[in-house]
Structures are given as C-alpha cells and as structure tokens.
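Reading the structure
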Amino acid sequence: MAGYDYDLFVIGGGSGGVRAARVAAALGKRVAIAEEYRFGGTCVIRGCVPKKLYVYASQFPEHFADAAGYGWTVPEASFDWLTLVANKDKEIARLEAIYEKNVEGAGGETFHSRAVLVDQHAIYLTAEDRTVSADQILIATGGRPAPHPALSGHEYCIFSNEAFDLKELPKTIMIEGGGYIAVEFANIFHGLGVDTTLVYRGQEILSRFDMDLRRSLHETMEKKGIRILTHSISEGVRKTPGGRLDVLLSSGQTLTVDQVMLAIGRIPNTENMGLEGVGIELGKTGAIIVDQYSRTNIDNIWAIGDVTHRVQLTPVAIYEAMCFIETAFKDNPTAPDHDTIPTAVFSQPEIGTVGLSEDDAIKRYADVEIYRASFRPMRHTLSGRDEKMLMKLVVDGSTRKVLGAHILGPDAGEMAQLLGIPLKAGLTKDDFDRTMAVHPTAAEELVTMYKPTYRVKNGERV
Ligand SMILES: Cc1cc2nc3c(=O)[nH]c(=O)nc-3n(C[C@H](O)[C@H](O)[C@H](O)COP(=O)(O)OP(=O)(O)OC[C@H]3O[C@@H](n4cnc5c(N)ncnc54)[C@H](O)[C@@H]3O)c2cc1C
C-alpha cells in the first residue's frame, strides 16, 4: 500500500463520493478526490437542493391566495425570476464550499479536475496533466439527463440542468417525461406563473408509485391548470420565425411554446473514463456493474451512487458510501439494504411514500387490506381551497404487517420519513392502532383508520 500515492482515490465529488472521501480521510487513510465540475455534485448544484428551493418559491402564490380566508389582505404580488436564481446560486455556492472544506478538514486532498483511469491503480488528472496512483479506487461519477438525439430539433430543448439557470422565465413551457423530475418541474413552473404542459408517453404519470396517488395527483395538477397529455410523445421541435418553438406531438397536435424541457430519464457518467481499458464491466445502459458490496469486477475498484443505476437518490448514494467504508476499510463487509426506501415527490400537493404500492402488494400477497382516507385538510377549511389529502395503508391481511404507506398532501414528504421507521421495523397495523394520535394534525389519520376500506383476496376485491 505504501507504494501508492493514496490509499483511496475517489472520482466524483457528489453526494456519495464526498461522503466516502471524508469518512475515509477521518479514519486516517491517505485520500484524494477529483471533481470535474463543482463539489456537491448533482444534488447540491443542480438537483435536490436548488429544486426544493424552487418548489418553495413556486408555492407562494397559493399561500397568498389561501391567506384571504384567514383574514389577510395581500397586495398584488410580483415575482422576479433572476432574484430567485441569484439567491439560489448564493446558497449552492455556500454548500459547495462546505462540501470541499469537509473533505480537506478531515485530511483529504481535493482536485478540481476530470479523472480518468489509466490502469487498475493509476488515475490521470486532466487539469493537472499528471498521473497519480491509489491502492483502492472509488467511482462515484453520478449521472446526467438522458439526451434525445433521435428527436429532430432536440438542440432547441433544455434539460433539468439548464432549467435552473434560464436567462428569463418562459411564458409557456412543455415538459416531456412522467418521472418525478418532470412532475416536479411542471409544478414549479406552473406555480411561478408559466403556462405548463406535461407530455408523457405512458398511461399515467409517476410509474412505480401507488396508482391511487398517481391518479389523484394528476387530477389535482389538472385542476390547478397544468395540461397533462398522456399517451403522447413529441416527434419534432421547430423554431418559429418569432423565436418560439413548435412541438409536433404524436397525437398530430402542435404546441407552440417558449421552452421545451426533456426529462426522459438519466444515464450514468461512464464514458471516456478509461473504464473499458481497465476491463470494468458495464451494463446495457452504461452503468457500472457491482456486487452486493459495491465492488466492480476489478478487485480494488468500487462504484457507488447513480453511476451504478441501482436507486438514484442522494441518501442511497450516501448510505452506499458508508457501507463501502465498512467493507473496504473496517474489515466489516456491509451490503447496502435497498429495501423499503421512503421517498417523496415535491409536487403540489406533495407525495410521500414508503413500501409496496397496492398493485405490487396484490401480486405478492394473497390477502391484502387497504385502509384509505381522502379528506379536506384542516388548513383548507378556511382557505376554501378545493384540494383533498389522500392517505393509504397497505396491510398484509394474514400477518397484519404494514407493507406500504402512501400520502398525497401537504408535508407528505416529512411524514414519509417518519413512516419509513415503522415500515422498516416491520411493525403491524395493530402497532399503528395502539399509537396515540396527535390532534389536530393530518397525520393522525394514519393511526385512526380502524376498518379496512376494502380487501383484495387472491387478486379479487372483496
Ligand atoms: C433535478 C433533480 C432533482 C433531484 N431531486 C432529488 C431529491 O429530491 N431527493 C433525492 O434523494 N435525490 C434527488 N435527485 C437525485 C440525486 O441528485 C442523485 O441521486 C445524487 O446526486 C447521486 O449522487 P452521486 O454521488 O451518485 O452522484 P452525483 O451527485 O451526480 O455526483 C457525481 C459527480 O461526479 C462528477 N464527475 C463525473 N465524472 C467525473 C470524472 N471523470 N472526473 C471527475 N469528476 C467527475 C460530476 O461532475 C458530479 O459532480 C435529484 C436529481 C435531479 C437531477
């Protein structure tokens, strides 16, 4: 080991890479990390963090409108996009500096450079034009928006990366995609006053989430004024003489908008990194194939986070980093557990979810109980907002184990975090029932749904 420059070299300074570098350095290992763009990675620079700040920004018009029922008169509000962008930039620059400083503070070395593998132990740093060596190498290069080169006029389209920094707020936008990024941006732009159309090729937005939530969110978004066109794809984008964009849809319809944003998936960053030369095995989509401990087919090279295309979420990348440290440096082989991951969609209203959807539970269990409540949250009684909250528990009828918990409504993401604990612990509906309610809250509904709304036995609703 002493023959190498470092005990660990991490490629990619995002959520997973920074965590691994910082913790390994704190253990006394000789660590270096290279980041080619900005420390903090997707989550901090152009993902979770700026996204959530924009979600907050986009919620104000509804807060202003709701205030009237509570006696407030709010003067006509105006919004300045460039102020939001500048304030967001300040905040992410602050976080970026903290990420880098934390690695250095733990004793790690940071490089602002692209890193490319030369051989099993050698890494070429392009910005420094030199090669360094390491005993262990961790690839945490994340992913990027999937391009759509087959779409004529794709060069006029933007992706989530650009959406954060537009020079001006468009008046109209079309967003293509049905995943959480497409749905969140549709809500953000709509909330900021942009005429928004969501175009999705599938039958219903947000595949893999519980169908009840998907349908209810779809309905609510349409009620707010977001146009949602399912079973639809764009077939071509053309610039109009006036500088706008005509999008020809598969339905034959043409939409004229100011911006087209593609959110049709994400692909791993594995190109031109020397991986093939070293013989690292890649999957069909270019993701790095790893074993249960995040080790590639090359003994001393590991990969975590989005680049492995397992579960593309920040806490998962961080968790995989911690498991990697246990395995590689603490002689305690630890496989990340990807089961029952709570998650949120920061749409308006929000989705919070953990565990099995009703459809998935029915496929796996012969007797499933569904507890479902749909009600107007208390805050909307005086605001007069015509919006319902949905809560649903999916329970195994034979063992009473709660298999899934799904919420649509204000603060659903916060609730999903807490529901993650009882579901991970394998608690039963009876445990929920003997938990005292917190009153008056919306969440109390989760412990006061005593009778199943319906059961599904061997696939039949009874
Ligand atoms: C719009 C959007 C919203 C999101 N919202 C959420 C959310 O609300 N909650 C959530 O949990 N997750 C969210 N995510 C997903 C989350 O951002 C990722 O799962 C997470 O960032 C993955 O971390 P990572 O360490 O694997 O990779 P990344 O954070 O992507 O970091 C990889 C880093 O490697 C660098 N890099 C790549 N190649 C090289 C190279 N050869 N040399 C040097 N550096 C290199 C990149 O520049 C990048 O900084 C969102 C993502 C997007 C795009």
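As annotated in an unreviewed UniProt entry, the protein carries the name Glutathione reductase and comes from Mesorhizobium montanum. Under Cofactor (unreviewed entry), UniProt gives the following word-for-word description of the protein: "FAD". UniProt, in its Sequence similarities (unreviewed entry) section for the protein, records the words "Belongs to the class-I pyridine nucleotide-disulfide oxidoreductase family."

Further remarks concern the environment of Leu 313. For Leu 313, the location among the structural elements is in the loop between β16 (301–303) and α9 (314–329). Classification of Leu 313 as partly exposed rests on a relative accessible area of 22%. Residues Leu 313 and Thr 343, spaced 30 residues apart in sequence, show a C-alpha to C-alpha distance of 8.7 Å. When neighbours within four sequence positions are excluded, Leu 313 is seen to be in contact with Asp 306, Ile 341 and Thr 343.

With that settled, consider the UniProt feature "domain: Pyridine nucleotide-disulphide oxidoreductase dimerisation" (unreviewed entry) in the protein. Feature annotation in UniProt places "domain: Pyridine nucleotide-disulphide oxidoreductase dimerisation" (unreviewed entry) on residues 341–449, given in this structure's numbering. Counting secondary structure, residues 341–449 comes out at 28% helix and 29% strand; the distance between its end C-alpha atoms is 23 Å.

Let us now look at the site of the ligand. Taken together, 38 residues are adjacent to the ligand, and Gly 16, Glu 35, Thr 42, Lys 51 and Asp 306 come closest. A distance of 2.7 Å separates an oxygen atom of the ligand from a polar atom in the side chain of Lys 51. In the model, an oxygen atom of the ligand is placed 3.2 Å from a nitrogen or oxygen of the Leu 313 main chain. Here the ligand, which alone exposes 1,000 Å², has 95% of that area covered by the protein. Tallying contributions element by element places helix α2 (residues 41–46) first for the shell around the ligand, with 4 residues. Considering only residue class, the shell around the ligand consists of 15 nonpolar, 15 polar and 8 charged.

As a further point, take the sheet that holds strand β11 (residues 234–239). Read from one edge to the other, the open sheet built from 3 strands follows the order β11-β12-β13, with strand pairing classed as antiparallel. Unpaired on one side and paired on the other, β11 and β13 (254–257) mark the two borders of the sheet. Sheet twist, expressed as the mean angle between neighbouring strand axes with direction ignored, is 20°. Taken together, the 4 bridges between strand β12 (residues 245–249) and β13 define a ladder with antiparallel strand orientation. Following the sheet pairing, Leu 248 is matched in β13 by Thr 254.

This next bit is on unusual backbone geometry. Cis geometry marks the peptide bond from Gln 348 to Pro 349; its omega dihedral reads 5°. Locating Pro 349 in the fold gives a position in the loop between β17 (343–345) and β18 (351–355). Cis geometry is adopted by the peptide bond preceding Pro 440, which originates at His 439 and carries an omega value of -5°. With respect to the element layout, Pro 440 can be found in the loop between α13 (429–433) and β22 (454–457).

It is worth spelling out the packing of aromatic side chains at this point. One pass over the full model with this rule turns up 10 aromatic pairs. The interplanar angle of 20° and the centroid separation of 6.3 Å between the aromatic rings of Phe 9 and Phe 111 together place this pair among those described as stacked. Remark: Phe 111 occurs in strand β3 (residues 109–112) and Phe 9 occurs in strand β1 (residues 6–11); sequence separation between them is 102 residues. Judged by relative accessible area, which is 4%, Phe 111 ranks as buried. Joined through ring pairs, the aromatic side chains of Tyr 54, Trp 81, Phe 164, Phe 185 and Phe 189 make up one cluster. The ring centre of Tyr 371 lies 4.3 Å from the NZ or CZ of Lys 429, which sits over that ring. Residue placement shows Arg 461 over the ring face of Tyr 454; its charged tip is 3.6 Å from the ring centre.

Right, let's get into the pairing of β22. What you see with β22 is a clean split: Tyr 454 and Val 456 sit on the buried side and Arg 455 and Lys 457 on the side with no burial. Examined bridge by bridge, strand β19 (residues 367–375) and β22 share 4 bridges and lie antiparallel to one another. Among the inter-strand pairings, Val 368 is bridged to a residue of β22, identified as Val 456. As paired elements, β22 and strand β23 (residues 460–461) share 2 bridges and run antiparallel to each other. Within β23, the position partnered with Lys 457 by the bridge is Glu 460.

The next thing to look at is the side chain of Asp 367. Structurally, Asp 367 can be placed in strand β19. According to the relative accessible area criterion, Asp 367 is buried, its value standing at 16%. Looking at Asp 367, its side chain comes within polar contact range of the side chain of Arg 455, at 3.1 Å. Excluding anything up to four places from it in sequence, Asp 367 contacts Val 395, Asp 396, Gly 397, Ser 398, Arg 455, Val 456 and Lys 457.

Conventions used here
Counting from 1, residues in each chain are numbered in the order their sequence is written. With the structure being a predicted model, the display of local features is reserved for residues of pLDDT at least 70 and the display and counting of side-chain atom pairs for 80 or more, all residues being used for whole-chain, interface and lining totals. Derived side-chain values reflect all non-hydrogen atoms in the structure, with water molecules and hydrogen atoms excluded from consideration. UniProt positions are given in the numbering used here, feature names are shortened, and annotations may be inferred rather than shown by experiment. Comment: elements are numbered from the N terminus, with helices defined as DSSP H or I runs of at least four residues and strands as E runs of at least two. We call a residue buried when its accessible area falls under 20% of the maximum for its residue type, exposed when it is over 50%, and partly exposed in between, using a 1.4 Å probe and counting protein chains only. Residues count as neighbours in contact if any of their non-hydrogen atoms are within 4.5 Å of one another. When we say a residue is near a molecule or strand, we mean one of its heavy atoms is within 4 Å of it. Under this definition, polar contacts are N or O atom pairs within 3.5 Å; protein pairs additionally need one hydrogen-donor-capable and one acceptor-capable atom, and for neighbouring residues in sequence, both atoms have to be side-chain atoms. Per-residue and other accessible areas follow the Shrake-Rupley method at a 1.4 Å probe size, with only the shown protein chains counted as cover for residues. Asp, Glu, Lys and Arg are counted as charged, while Ala, Val, Leu, Ile, Met, Phe, Trp, Tyr, Cys and Pro are counted as nonpolar; the rest, among them Gly, fall into the polar class. Two strands pair if DSSP finds at least two bridges between them. Angles shown run from 0 to 180 degrees and are taken between the N-to-C directions of axes, each axis being a line fitted to C-alpha atoms and, for helices, limited to the stretch in contact. The criterion for an aromatic pair is that two Phe, Tyr or Trp rings (for Trp, the six-membered ring) have centres within 6.5 Å, with stacked assigned to planes under 30 degrees apart, edge-to-face to planes over 60 apart and tilted to the rest. Over a ring means this: the NZ of a Lys or the CZ of an Arg is within 6 Å of the ring centre and within 35 degrees of the ring normal.

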